[in-house]
2 protein chains.
Amino acid sequence: MTFKRMDSAGYLVNHMARLFADGLRRRIAPLGIVPGQFPALLELWEHDGQTQKELVEKLDVEQATLANTLARMERDGLIVRKEHPADARARTIHLTDKARAIRDRAYAAAQETNRAALAALSPEERQQFIELMQRTIETMRRGG
Amino acid sequence: MTFKRMDSAGYLVNHMARLFADGLRRRIAPLGIVPGQFPALLELWEHDGQTQKELVEKLDVEQATLANTLARMERDGLIVRKEHPADARARTIHLTDKARAIRDRAYAAAQETNRAALAALSPEERQQFIELMQRTIETMRRGG
DNA sequence: TATCGTTACATAGTAAGCTATGCAATGATA
DNA sequence: TATCATTGCATAGCTTACTATGTAACGATA
(Lines give C-alpha, C1' and ligand atoms only; values in the text may rest on other atoms or scores of the structure.)
Protein backbone atom coordinates (compact mmCIF):
# COMPACT_ATOMS: atom_id res chain seq x y z
CA MET A 1 0.00 0.00 0.00
CA THR A 2 1.14 3.49 -0.73
CA PHE A 3 0.20 6.78 0.85
CA LYS A 4 -0.82 9.60 -1.45
CA ARG A 5 0.34 12.91 -0.10
CA MET A 6 -2.03 14.90 -2.27
CA ASP A 7 -5.05 13.12 -0.80
CA SER A 8 -3.92 13.39 2.83
CA ALA A 9 -5.72 16.08 4.79
CA GLY A 10 -2.71 16.68 7.01
CA TYR A 11 -0.36 17.13 4.10
CA LEU A 12 -2.74 19.49 2.30
CA VAL A 13 -3.32 21.55 5.43
CA ASN A 14 0.40 21.94 6.03
CA HIS A 15 0.96 23.02 2.46
CA MET A 16 -1.93 25.49 2.53
CA ALA A 17 -0.67 27.00 5.77
CA ARG A 18 2.74 27.71 4.24
CA LEU A 19 1.19 29.24 1.14
CA PHE A 20 -1.14 31.44 3.20
CA ALA A 21 1.71 32.59 5.44
CA ASP A 22 3.80 33.43 2.41
CA GLY A 23 0.97 35.38 0.76
CA LEU A 24 0.31 37.36 3.90
CA ARG A 25 4.01 37.97 4.44
CA ARG A 26 4.41 39.54 1.04
CA ARG A 27 1.37 41.75 1.46
CA ILE A 28 2.19 43.05 4.94
CA ALA A 29 5.94 43.42 4.49
CA PRO A 30 5.50 47.08 3.44
CA LEU A 31 3.79 47.72 6.78
CA GLY A 32 6.78 46.52 8.78
CA ILE A 33 5.03 43.52 10.31
CA VAL A 34 5.20 39.75 9.85
CA PRO A 35 2.50 37.05 9.92
CA GLY A 36 3.18 35.83 13.44
CA GLN A 37 2.40 39.26 14.80
CA PHE A 38 -1.01 39.37 13.17
CA PRO A 39 -3.11 37.57 15.80
CA ALA A 40 -1.74 39.69 18.64
CA LEU A 41 -2.24 42.87 16.63
CA LEU A 42 -5.83 41.95 15.78
CA GLU A 43 -6.60 41.44 19.43
CA LEU A 44 -4.84 44.61 20.57
CA TRP A 45 -6.43 46.73 17.84
CA GLU A 46 -9.74 45.79 19.41
CA HIS A 47 -8.71 45.90 23.07
CA ASP A 48 -5.51 47.71 23.89
CA GLY A 49 -3.79 47.35 27.24
CA GLN A 50 -4.29 43.63 27.84
CA THR A 51 -1.83 41.44 29.72
CA GLN A 52 0.07 38.58 28.13
CA LYS A 53 -2.09 36.10 29.99
CA GLU A 54 -5.27 37.68 28.59
CA LEU A 55 -3.87 37.47 25.07
CA VAL A 56 -2.84 33.85 25.52
CA GLU A 57 -6.39 32.98 26.52
CA LYS A 58 -7.76 34.45 23.29
CA LEU A 59 -5.11 33.49 20.75
CA ASP A 60 -4.50 29.82 20.14
CA VAL A 61 -0.81 29.74 20.90
CA GLU A 62 1.26 28.70 23.88
CA GLN A 63 2.41 31.27 26.40
CA ALA A 64 6.05 30.83 25.46
CA THR A 65 5.28 31.40 21.78
CA LEU A 66 3.45 34.62 22.54
CA ALA A 67 6.21 35.81 24.90
CA ASN A 68 8.72 35.54 22.07
CA THR A 69 6.39 37.18 19.56
CA LEU A 70 5.75 40.08 21.95
CA ALA A 71 9.49 40.49 22.47
CA ARG A 72 9.93 40.88 18.70
CA MET A 73 7.00 43.28 18.50
CA GLU A 74 8.56 45.40 21.23
CA ARG A 75 11.90 45.30 19.42
CA ASP A 76 10.13 46.38 16.22
CA GLY A 77 8.39 49.32 17.90
CA LEU A 78 4.85 47.93 17.66
CA ILE A 79 4.11 47.68 21.38
CA VAL A 80 5.25 49.05 24.71
CA ARG A 81 4.69 47.34 28.05
CA LYS A 82 3.73 49.12 31.28
CA GLU A 83 3.57 48.08 34.91
CA HIS A 84 0.34 46.37 35.80
CA PRO A 85 -1.40 48.55 38.38
CA ALA A 86 -2.33 45.64 40.64
CA ASP A 87 0.13 42.79 39.93
CA ALA A 88 3.89 43.28 39.80
CA ARG A 89 4.35 40.02 37.88
CA ALA A 90 2.20 41.17 34.97
CA ARG A 91 2.56 44.00 32.48
CA THR A 92 -0.05 45.60 30.28
CA ILE A 93 0.63 45.68 26.55
CA HIS A 94 -0.05 48.82 24.53
CA LEU A 95 0.12 49.51 20.83
CA THR A 96 2.37 52.30 19.61
CA ASP A 97 1.23 54.99 17.18
CA LYS A 98 3.06 53.03 14.48
CA ALA A 99 0.97 49.92 15.16
CA ARG A 100 -2.29 51.86 15.29
CA ALA A 101 -1.50 53.61 12.04
CA ILE A 102 -1.24 50.43 9.97
CA ARG A 103 -4.44 48.80 11.13
CA ASP A 104 -6.64 49.45 8.12
CA ARG A 105 -3.95 48.51 5.63
CA ALA A 106 -3.26 45.31 7.57
CA TYR A 107 -6.94 44.35 7.53
CA ALA A 108 -7.00 44.96 3.80
CA ALA A 109 -3.86 42.86 3.26
CA ALA A 110 -5.32 39.94 5.19
CA GLN A 111 -8.60 40.13 3.34
CA GLU A 112 -6.83 40.30 0.02
CA THR A 113 -4.78 37.23 0.97
CA ASN A 114 -7.96 35.31 1.76
CA ARG A 115 -9.71 36.58 -1.33
CA ALA A 116 -6.87 35.54 -3.63
CA ALA A 117 -6.61 32.11 -2.02
CA LEU A 118 -10.31 31.37 -2.42
CA ALA A 119 -10.71 33.07 -5.79
CA ALA A 120 -11.45 29.82 -7.60
CA LEU A 121 -14.32 28.93 -5.26
CA SER A 122 -17.94 30.02 -5.51
CA PRO A 123 -19.37 32.02 -2.59
CA GLU A 124 -21.17 28.89 -1.41
CA GLU A 125 -18.00 26.83 -1.59
CA ARG A 126 -16.08 29.46 0.36
CA GLN A 127 -18.67 29.43 3.09
CA GLN A 128 -18.64 25.66 3.23
CA PHE A 129 -14.85 25.57 3.27
CA ILE A 130 -14.78 27.91 6.26
CA GLU A 131 -17.34 25.77 8.06
CA LEU A 132 -15.48 22.54 7.33
CA MET A 133 -12.32 24.06 8.76
CA GLN A 134 -14.13 25.30 11.86
CA ARG A 135 -15.64 21.87 12.45
CA THR A 136 -12.31 20.14 11.91
CA ILE A 137 -10.59 22.45 14.39
CA GLU A 138 -13.34 21.83 16.90
CA THR A 139 -12.98 18.07 16.46
CA MET A 140 -9.22 18.15 16.93
CA ARG A 141 -9.39 20.41 19.95
CA ARG A 142 -11.81 18.06 21.66
CA GLY A 143 -10.00 14.95 20.51
CA GLY A 144 -6.93 16.00 22.53
CA MET B 1 -14.64 47.51 11.03
CA THR B 2 -13.31 44.51 12.85
CA PHE B 3 -11.67 41.35 11.57
CA LYS B 4 -13.00 38.05 12.83
CA ARG B 5 -10.19 35.55 13.21
CA MET B 6 -12.53 32.61 13.29
CA ASP B 7 -13.96 33.46 9.87
CA SER B 8 -10.59 34.12 8.24
CA ALA B 9 -9.41 31.30 5.99
CA GLY B 10 -5.76 32.10 6.71
CA TYR B 11 -6.23 32.02 10.43
CA LEU B 12 -8.18 28.77 10.33
CA VAL B 13 -5.62 27.12 8.07
CA ASN B 14 -2.77 28.09 10.35
CA HIS B 15 -4.61 26.74 13.37
CA MET B 16 -5.52 23.48 11.61
CA ALA B 17 -1.93 22.96 10.52
CA ARG B 18 -0.68 23.22 14.09
CA LEU B 19 -3.33 20.83 15.35
CA PHE B 20 -2.56 18.30 12.61
CA ALA B 21 1.16 18.51 13.26
CA ASP B 22 0.60 18.00 16.96
CA GLY B 23 -1.66 15.01 16.38
CA LEU B 24 0.81 13.39 14.03
CA ARG B 25 3.71 14.16 16.36
CA ARG B 26 2.04 12.34 19.24
CA ARG B 27 1.22 9.30 17.11
CA ILE B 28 4.63 8.89 15.50
CA ALA B 29 6.74 9.73 18.53
CA PRO B 30 6.97 6.02 19.47
CA LEU B 31 8.49 5.36 16.05
CA GLY B 32 11.35 7.78 16.62
CA ILE B 33 10.37 10.20 13.87
CA VAL B 34 8.89 13.70 13.74
CA PRO B 35 6.36 15.30 11.39
CA GLY B 36 8.86 17.20 9.26
CA GLN B 37 10.50 13.92 8.27
CA PHE B 38 7.27 12.46 6.99
CA PRO B 39 7.23 13.79 3.43
CA ALA B 40 10.79 12.69 2.76
CA LEU B 41 10.12 9.28 4.27
CA LEU B 42 6.97 8.79 2.15
CA GLU B 43 8.93 9.54 -0.98
CA LEU B 44 11.88 7.33 -0.03
CA TRP B 45 9.67 4.44 1.02
CA GLU B 46 8.41 4.45 -2.54
CA HIS B 47 11.69 5.20 -4.32
CA ASP B 48 14.85 4.71 -2.33
CA GLY B 49 18.19 6.08 -3.48
CA GLN B 50 17.06 9.47 -4.81
CA THR B 51 19.18 12.60 -4.68
CA GLN B 52 18.28 15.68 -2.67
CA LYS B 53 17.44 17.51 -5.87
CA GLU B 54 15.00 14.80 -6.89
CA LEU B 55 13.31 14.95 -3.51
CA VAL B 56 13.05 18.75 -3.63
CA GLU B 57 11.27 18.51 -6.97
CA LYS B 58 8.62 16.23 -5.49
CA LEU B 59 8.13 17.63 -2.00
CA ASP B 60 6.87 21.18 -1.71
CA VAL B 61 9.67 22.59 0.40
CA GLU B 62 12.72 24.68 -0.36
CA GLN B 63 16.07 23.04 -0.91
CA ALA B 64 17.53 24.51 2.26
CA THR B 65 14.64 23.20 4.33
CA LEU B 66 15.11 19.69 2.99
CA ALA B 67 18.88 19.84 3.48
CA ASN B 68 18.34 20.53 7.17
CA THR B 69 15.66 17.87 7.49
CA LEU B 70 17.92 15.30 5.83
CA ALA B 71 20.75 16.24 8.20
CA ARG B 72 18.48 15.50 11.17
CA MET B 73 17.32 12.24 9.59
CA GLU B 74 20.93 11.19 9.13
CA ARG B 75 21.69 12.15 12.72
CA ASP B 76 18.67 10.10 13.84
CA GLY B 77 19.76 7.02 11.90
CA LEU B 78 16.95 7.08 9.34
CA ILE B 79 19.03 7.59 6.23
CA VAL B 80 22.55 7.18 4.95
CA ARG B 81 24.02 9.04 1.98
CA LYS B 82 26.30 7.54 -0.64
CA GLU B 83 28.43 8.94 -3.42
CA HIS B 84 26.49 9.56 -6.59
CA PRO B 85 27.98 7.30 -9.26
CA ALA B 86 28.07 10.03 -11.91
CA ASP B 87 28.11 13.40 -10.12
CA ALA B 88 30.48 14.19 -7.28
CA ARG B 89 28.32 17.12 -6.16
CA ALA B 90 25.32 14.94 -5.49
CA ARG B 91 24.72 12.09 -3.08
CA THR B 92 22.07 9.39 -3.18
CA ILE B 93 19.88 9.03 -0.12
CA HIS B 94 19.08 5.58 1.26
CA LEU B 95 16.78 4.47 4.04
CA THR B 96 18.24 2.46 6.88
CA ASP B 97 16.70 -0.76 8.17
CA LYS B 98 15.27 1.28 11.01
CA ALA B 99 13.42 3.58 8.60
CA ARG B 100 12.14 0.69 6.50
CA ALA B 101 10.91 -1.13 9.57
CA ILE B 102 8.55 1.61 10.70
CA ARG B 103 6.84 2.22 7.39
CA ASP B 104 3.56 0.45 7.99
CA ARG B 105 3.13 1.86 11.48
CA ALA B 106 3.88 5.35 10.15
CA TYR B 107 1.26 5.01 7.43
CA ALA B 108 -1.23 3.86 10.05
CA ALA B 109 -0.38 6.79 12.33
CA ALA B 110 -0.88 9.32 9.53
CA GLN B 111 -4.17 7.76 8.49
CA GLU B 112 -5.37 7.71 12.07
CA THR B 113 -4.47 11.40 12.42
CA ASN B 114 -6.49 12.23 9.33
CA ARG B 115 -9.35 10.00 10.40
CA ALA B 116 -9.58 11.59 13.85
CA ALA B 117 -9.42 15.10 12.41
CA LEU B 118 -12.24 14.49 9.94
CA ALA B 119 -14.31 12.27 12.22
CA ALA B 120 -17.15 14.78 12.45
CA LEU B 121 -17.55 14.98 8.67
CA SER B 122 -19.60 12.71 6.43
CA PRO B 123 -17.74 10.81 3.69
CA GLU B 124 -19.06 13.30 1.13
CA GLU B 125 -17.92 16.23 3.22
CA ARG B 126 -14.47 14.72 3.63
CA GLN B 127 -14.13 14.29 -0.08
CA GLN B 128 -15.29 17.82 -0.73
CA PHE B 129 -12.94 19.19 1.94
CA ILE B 130 -9.98 17.49 0.28
CA GLU B 131 -11.01 18.88 -3.10
CA LEU B 132 -11.47 22.40 -1.75
CA MET B 133 -7.99 22.25 -0.26
CA GLN B 134 -6.49 20.94 -3.50
CA ARG B 135 -8.15 23.73 -5.49
CA THR B 136 -7.05 26.37 -2.99
CA ILE B 137 -3.46 25.15 -3.12
CA GLU B 138 -3.57 25.19 -6.90
CA THR B 139 -4.93 28.74 -6.90
CA MET B 140 -2.25 30.01 -4.54
CA ARG B 141 0.55 28.29 -6.40
CA ARG B 142 -0.51 29.93 -9.62
CA GLY B 143 -1.28 33.26 -8.02
CA GLY B 144 2.35 33.58 -7.03
C1' DT C 1 41.89 23.01 -22.65
C1' DA C 2 41.17 27.05 -19.76
C1' DT C 3 37.40 29.85 -18.44
C1' DC C 4 33.18 30.70 -16.53
C1' DG C 5 28.22 30.30 -15.88
C1' DT C 6 25.24 26.69 -13.83
C1' DT C 7 24.12 23.19 -10.68
C1' DA C 8 23.96 20.42 -6.12
C1' DC C 9 24.33 20.94 -1.72
C1' DA C 10 25.52 23.22 2.74
C1' DT C 11 25.37 26.99 5.93
C1' DA C 12 23.95 31.35 8.26
C1' DG C 13 20.43 33.89 10.12
C1' DT C 14 15.58 34.63 11.25
C1' DA C 15 10.55 33.55 12.37
C1' DA C 16 7.18 30.98 14.62
C1' DG C 17 5.84 27.11 16.72
C1' DC C 18 6.52 23.61 20.70
C1' DT C 19 7.90 21.56 25.68
C1' DA C 20 10.35 22.12 29.80
C1' DT C 21 12.03 24.87 33.29
C1' DG C 22 13.32 28.96 36.12
C1' DC C 23 12.07 32.98 39.01
C1' DA C 24 9.71 36.35 41.41
C1' DA C 25 5.25 37.91 42.99
C1' DT C 26 0.84 36.48 44.63
C1' DG C 27 -2.28 34.50 47.63
C1' DA C 28 -4.09 30.73 50.49
C1' DT C 29 -3.53 28.52 54.86
C1' DA C 30 -1.42 26.39 59.00
C1' DT D 1 2.43 35.92 59.86
C1' DA D 2 5.46 32.47 57.95
C1' DT D 3 5.20 28.93 54.62
C1' DC D 4 4.38 27.13 50.34
C1' DA D 5 1.69 26.10 46.22
C1' DT D 6 0.14 28.80 42.29
C1' DT D 7 0.53 32.24 38.87
C1' DG D 8 2.68 35.41 35.19
C1' DC D 9 6.26 35.80 32.48
C1' DA D 10 10.93 34.78 30.60
C1' DT D 11 14.33 31.69 28.85
C1' DA D 12 16.56 27.53 26.91
C1' DG D 13 16.55 24.27 23.50
C1' DC D 14 14.38 22.06 19.74
C1' DT D 15 11.86 21.66 14.92
C1' DT D 16 10.41 23.32 10.62
C1' DA D 17 9.98 26.78 7.60
C1' DC D 18 12.04 30.74 4.88
C1' DT D 19 15.77 33.84 2.11
C1' DA D 20 20.40 34.68 1.06
C1' DT D 21 24.82 33.18 0.26
C1' DG D 22 28.97 30.15 -0.06
C1' DT D 23 31.55 26.20 -2.27
C1' DA D 24 32.87 22.74 -5.17
C1' DA D 25 31.86 20.09 -9.22
C1' DC D 26 29.96 20.08 -13.73
C1' DG D 27 29.57 21.33 -18.42
C1' DA D 28 29.51 24.47 -22.32
C1' DT D 29 32.39 27.20 -25.18
C1' DA D 30 36.08 30.47 -26.70
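Residues numbered from 1 in each chain as written. Chains lettered and ligands numbered in written order. Predicted model: local features only at pLDDT ≥ 70, side-chain atom pairs only at ≥ 80, totals over all residues. Heavy atoms only, no water.

J.: Run through the overall build of chain A, naming residues and quoting values.
T.: A tally of regular secondary structure across chain A gives seven helices and three strands. When the helices and strands of chain A are placed in sequence order, the string is α-α-β-α-α-β-β-α-α-α. Taken along its principal axes, the extent of the C-alpha atoms in chain A is 60 × 35 × 25 Å. Considering only residue pairs separated by 6 or more positions, chain A has 48% of its internal contacts joining residues 24 or more positions apart. Across chain A, the centroid of the 23 positively charged side chains sits 5 Å from that of the 20 negatively charged ones. (Helix = DSSP H or I, 4+ residues; strand = E, 2+ residues; numbered from the N terminus. Contact = heavy atoms within 4.5 Å. Lys, Arg positive; Asp, Glu negative; His and termini not counted. Charge placed at Lys NZ, Arg CZ, Asp CG, Glu CD.)

J.: Tell me about the nonpolar core, and please be specific about residues and values.
T.: Most often, soluble globular proteins keep nonpolar side chains buried together rather than apart. Ranked by internal contacts, the top residues of the largest apolar core, which has 32 residues, are Met 16, Phe 129 and Met 133 of chain A together with Met 16, Phe 129 and Met 133 of chain B. Setting aside its immediate chain neighbours within four residues, Met 133 of chain A contacts Ala 9, Leu 12, Val 13, Met 16 and Phe 129 of chain B. (Core = buried A, V, L, I, M, F, W, Y, C linked by side-chain atoms within 4.5 Å. Buried < 20%, exposed > 50% of the residue type's maximum accessible area, 1.4 Å probe, protein only.)

J.: Explain the packing of helix H2 (residues 38-46) of chain A against helix H6 (residues 103-117) of chain A to me, using residue names and the numbers behind them.
T.: Residue and element names in this part refer to chain A. Where H2 meets H6, the closest approach of the two axes is 12 Å, and the angle between their N-to-C directions is 130 degrees. Taken together, the axis directions place H2 and H6 in an arrangement best described as oblique. The two elements H2 and H6 cross, and the hand of that crossing is left-handed. Only Arg 103, Ala 106, Tyr 107 and Ala 110 of H6 make contact with H2, whose side of the interface consists of Phe 38, Leu 42 and Trp 45. Here the residues of the contact of H2 with H6 are counted per class, giving six nonpolar, no polar and one charged. (Axes fitted to C-alpha atoms, helices over the stretch in contact; angles between N-to-C directions. Parallel < 35°, antiparallel > 145°, perpendicular 65-115°, else oblique. Left-handed = near helix turned anticlockwise from the far one by under 90°. Nonpolar A, V, L, I, M, F, W, Y, C, P; charged D, E, K, R; others polar.)

J.: Could you give an account of the interface of chain A and chain B, naming the residues involved and the relevant values?
T.: At the junction of the two partners, chain A supplies 53 residues and chain B supplies 53 residues. Buried area between chain A and chain B, summed over both chains or domains, comes out near 5300 Å², and the portion from carbon and sulfur atoms is 67%. When the buried surface of chain A facing chain B is broken down by residue, Phe 3, Arg 5 and Met 140 of chain A rank first, second and third, together holding 13% of it. On the surface where chain A and chain B come into contact, there are four salt bridges. A salt bridge links Arg 135 of chain A to Glu 125 of chain B; the shortest N-O distance between them is 2.9 Å. Broken down by secondary-structure element, the contributors of at least two residues to the side of chain A that touches chain B are helix H1 (9-28), H2, H6 and helix H7 (123-143) of chain A. Among the residues forming the side of chain A that touches chain B, the class breakdown is 29 nonpolar, 12 polar and 12 charged. (Buried area = accessible area lost by both parts, 1.4 Å probe. Salt bridge = Lys/Arg side-chain N within 4 Å of Asp/Glu carboxyl O.)

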